[in-house]
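In case you want the letters, here they are:
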Amino acid sequence: MIRVTDDPKIRIVTIDRPERRNALTLDGLDSLSEAVREATQPVVYLRGAGTAFCAGADLDVVAGLDDESATELATSGQRVANDIEGAESVVVAGIDGAARGGGVELALACDVRVATPDATFAEPGVRLGIFGAWGGTTRLPEIVGMGDALDLALTGRVVTAEDAHRMGLVSRVVEQPRKVADRLAANDPDALRVVKGRVRDRSSTDVQLAREAEAFGELVAANADDIAARRE
């Protein structure tokens, strides 16, 4: 279900279950988490096989769960999203085709989200009597704002890539998202790691600023020769 291809600077992680629009089971979630956490490359590129990015949780599995098992599935999805967000690698979501429910929420955990013009997004859980519980009620309003988050989560409507770009759900709409990951991977790996860590820091402003200054000083000291040689 999870296929990994390693390049020197990029690990490509493919959710490979196209016959189910890359819907995930508990085993698939565990494999996805492992693939991201164990990456040694500075960039991880997350994609889906076939015509979808990810349909979220496999609804055939969800329909057979009791309360305890359903809670376990939600907790597992949240853990994987946290693992993506907390990974040392910069994680780029290349979204082509449908992202639904948990697929949207896994994308929200990525550091950079890039869509093709054919990408579509929806949180359709309310139509089924459920909702996005892999961090959807926390990351969605944080990223797109309360108004758009409530609109998406309460209506279950499908939005286009351009709509997603307008509301900040994705940062770019391009024909080949992989090229964005390649461009990121061409940068200094230590700088990528530090910038991600600083931007993701949830500490108080004073603590964040102090850590930012310290990290900047360390990078300058480590890269002084390159800075002098490469300045534009």
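Residues numbered from 1 in each chain as written. Predicted model: local features only at pLDDT ≥ 70, side-chain atom pairs only at ≥ 80, totals over all residues. Heavy atoms only, no water.

Caption draft 1: Broad picture of the overall build of the protein. Counting secondary structure elements, the protein contains eleven helices and ten strands. On C-alpha atoms alone, the protein measures out to a radius of gyration of 18 Å, which is about the 17 Å that the 2.2 N^0.38 rule sets for 232 residues. With the C-alpha coordinates of the protein rotated into their principal frame, the extents come out at 60 × 40 × 35 Å. When the 232 residues of the protein are sorted by exposure, 44% land in the buried category. Accessible area of the protein: about 12,000 Å², with a carbon and sulfur share of 51%. In the protein, 27 side chains carry a positive charge and 39 a negative one; their mean positions are 4 Å apart. (Helix = DSSP H or I, 4+ residues; strand = E, 2+ residues; numbered from the N terminus. Rg over C-alpha atoms; globule rule 2.2 N^0.38 Å. Buried < 20%, exposed > 50% of the residue type's maximum accessible area, 1.4 Å probe, protein only. Areas by Shrake-Rupley, 256 points an atom, 1.4 Å probe, with all protein chains shown as cover. Lys, Arg positive; Asp, Glu negative; His and termini not counted. Charge placed at Lys NZ, Arg CZ, Asp CG, Glu CD.)

Caption draft 2: Structural detail: the sheet that holds strand β6 (residues 98-100). Across the sheet, which stays open at both edges, the four strands sit in the order β4-β6-β8-β9 with mixed pairing between neighbours. The outermost strands of the open sheet, each flanked by one partner alone, are β4 (52-54) and β9 (159-160). Looking at chain direction, β4 and β6 are connected through two bridges and run parallel. Of the residues in β6, the one forming a bridge with A52 is A98. (Pairing = 2+ DSSP bridges.)

Read these as geometric descriptors, not functional statements.
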